[in-house]
Amino acid sequence: MSLELETDVPLRAFNTFGIEATARRLVRVRSARDVRLVVDHPEWGRSPKFILGGGSNVLFTRDIDDAVVVKTEIRGLRVLEDDARSTLIEVGAGEPWHDVVIWALEQGFAGLENLALIPGTAGAAPVQNIGAYGLELSDRLESVDVVDLVTGRSATLPAAHCRLGYRDSIFKRELAGKSVITAIRLRLPKPWAPVAGYADVARWLQREQISDPSPHDVFKAVCAIRTSKLPDPAQLGNAGSFFKNPVVNRTIRNEILEEHPDIVSYPLDDGTYKLAAAWMIAACGWKGQTLGRAGVHEQQPLVLVNRGGATGANVLELARAVQDSVEQKFGLRLEPEPVIL
Ligand SMILES: Cc1cc2nc3c(=O)[nH]c(=O)nc-3n(C[C@H](O)[C@H](O)[C@H](O)COP(=O)(O)OP(=O)(O)OC[C@H]3O[C@@H](n4cnc5c(N)ncnc54)[C@H](O)[C@@H]3O)c2cc1C
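Conventions used here
Each chain has its residues counted from 1, running along the sequence as written. Owing to the predicted nature of the model, reporting of local features is limited to residues with pLDDT of at least 70; listing and counting of side-chain atom pairs is limited to 80 or more, with chain, interface and lining totals taken over all residues. The basis for every side-chain value is the complete set of non-hydrogen atoms in the structure, without hydrogens or water. Numbering of helices and strands runs from the N terminus; a helix is a DSSP stretch of H or I covering at least four residues, while a strand is a stretch of E covering at least two. Throughout, radius of gyration means the C-alpha value; the globule benchmark is 2.2 Å times the number of residues raised to the power 0.38. Only protein chains enter the calculation, and the probe is 1.4 Å; a residue is then buried if its accessible area is under 20% of its type maximum, exposed if over 50%, and partly exposed in between. Every residue pair with non-hydrogen atoms within 4.5 Å of one another is taken to be in contact. Each accessible area is a Shrake-Rupley estimate made with a 1.4 Å probe; only the visible protein chains count as cover when residues are assessed. In summary, the charge assignment counts Lys and Arg as positive and Asp and Glu as negative, without counting His or the chain termini. Each charge is placed at NZ for Lys, CZ for Arg, CG for Asp and CD for Glu. Nearness here has a simple test: a residue counts as near a molecule or strand if at least one of its heavy atoms is within 4 Å of that partner. Nitrogen and oxygen atoms within 3.5 Å of one another constitute a polar contact, given that in protein one can donate a hydrogen and the other can accept it, and given that sequence-neighbouring residues count only through two side-chain atoms. Nonpolar residues are Ala, Val, Leu, Ile, Met, Phe, Trp, Tyr, Cys and Pro. Charged residues are Asp, Glu, Lys and Arg, and all others, Gly as well, are polar. Pairing between strands is defined by DSSP: at least two bridges between them are needed.

Chemist: Teacher, can you tell me more about the overall build of the protein chain here?
Modeler: A count of helical and extended segments in the protein chain gives seven helices and 20 strands. Expected size for 341 residues packed as a compact globule is a radius of gyration near 20 Å; at 21 Å, the protein chain falls within 12% of this value. The principal-axis extent of the C-alpha atoms belonging to the protein chain is close to 60 × 55 × 35 Å. Each of the 341 residues in the protein chain was classed as buried or not, and the buried ones make up 51%. Expressed as a percentage of contacts within the protein chain between residues at least 6 apart in sequence, the contacts between residues at least 24 apart total 61%. About 16100 Å² of surface is accessible on the protein chain, with carbon and sulfur atoms providing 48% of the total. Averaging the locations of the 39 positively and 43 negatively charged side chains of the protein chain gives two centres separated by 2 Å.

Here's what the structure looks like:
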């Protein structure tokens, strides 16, 4: 089958902020072969590319005129290995991430439940090393299949080569727009042990009087917590956390603590500290505020929302105002998490 090339495609339905923008050229890829066909295309092949999954971690501030938007719709879910020590599954890049979590649970393969309800596609999961409730993709990722957007060559990158960090990877840096992730492999270790130490999860399980949680209990806990705290993009446009939590060394953390003794921070294994950006934003008085048509969510101030008809520029203006206030009060500039175009 030949490629379906589309022009002047509205992107509003393709980003969870619900921002209006247009892609001058868009192509849906349904296999690694399709990606190679794009690379070999006489007109589109040489243009820069922007890879779009579910659009749940992007902010469009303009039309995409210069780049070809490559929308990943590669499906497929299969078990490659299953023995006493682990299960290895392979997932097409276009599979909706939450459906992967449910599918794995239904097959009896536990280990992804803490990452339930994260919007977007499986192929984007390594890009910012998705994480939630005490688990990161890096805890489960085995390898990633990519197709190079210049040479059309396929390669398999072991997880160790993906430089996965806190909401970071090689795909957000050197390989951004250069390689399309076409499939990922996840290794789910056995025996399963719950990751239930995260305060919200522990509290939920305690309230439900569950002392020995099953994978399904953890899944239910995570879904319940997320649904109660985070706005549903179908109701209120957003891209989840708009800012990363700043990571600082002990000296900086102690300096900030002296002036702001209530600040919420978590020690990390390497001796640094993660500061709660949500707390800092709330301390600057931004919780529930609105600027133009963009706003700071009432319950979760890390989330910026589209209050209706916001442009990318509106959201960006609000983001900068929040960054300025936090910098003035705490001496740290918050870093945005979504990709801003
Ligand atoms: C309500 C809500 C809650 C969220 N909660 C969390 C959370 O708890 N934890 C978390 O980590 N994130 C969270 N997010 C952010 C988002 O869901 C994740 O970052 C998700 O992985 C993005 O997937 P996507 O398919 O929508 O990617 P997109 O937004 O389409 O793309 C994001 C980036 O990845 C690149 N990309 C996408 N697909 C590919 C591919 N196949 N190959 C190469 N590059 C690609 C894009 O070019 C872009 O740079 C949340 C978002 C929302 C809206």
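Chemist: Where do I start with the site of the ligand in this structure?
Modeler: What surrounds the ligand is a group of 33 residues, the closest being I51, G53, G54, S56 and T121. Between an oxygen atom of the ligand and a main-chain N or O atom of G53, the distance comes to 2.7 Å. One of the side-chain N or O atoms of R226 is found 2.7 Å from a nitrogen atom in the ligand. Considering the ligand on its own, with 970 Å² of exposed area, one finds that the protein chains cover 94% of that surface. Those elements that place two or more of their residues in the shell around the ligand are β3 (49-52), β8 (131-132), β12 (179-189) and β13 (237-241). A class-by-class count of the residues in the shell around the ligand yields 16 nonpolar, 15 polar and two charged.

Chemist: Please explain the sheet that holds strand β15 (residues 265-267) as it appears in this structure.
Modeler: Hydrogen bonding along the main chain pairs the strands of a sheet, whether they run parallel or antiparallel. Strand order across the open sheet formed by three strands is β14-β16-β15, with antiparallel pairing between neighbours. One side of each edge strand has no neighbouring strand; the edge strands of this open sheet are β14 (247-248) and β15.

Chemist: When you look at the environment of A202 in this model, what are you seeing that I'm missing?
Modeler: Residue position: A202 is located in helix α3 (residues 199-207). In this structure, the C-alpha to C-alpha distance between A202 and L52, residues 150 residues apart in sequence, is 35 Å. What A202 contacts, discounting residues up to four positions off in sequence, is A196 and G197.

Remember that the coordinates give geometry; whether it matters functionally is a separate question.
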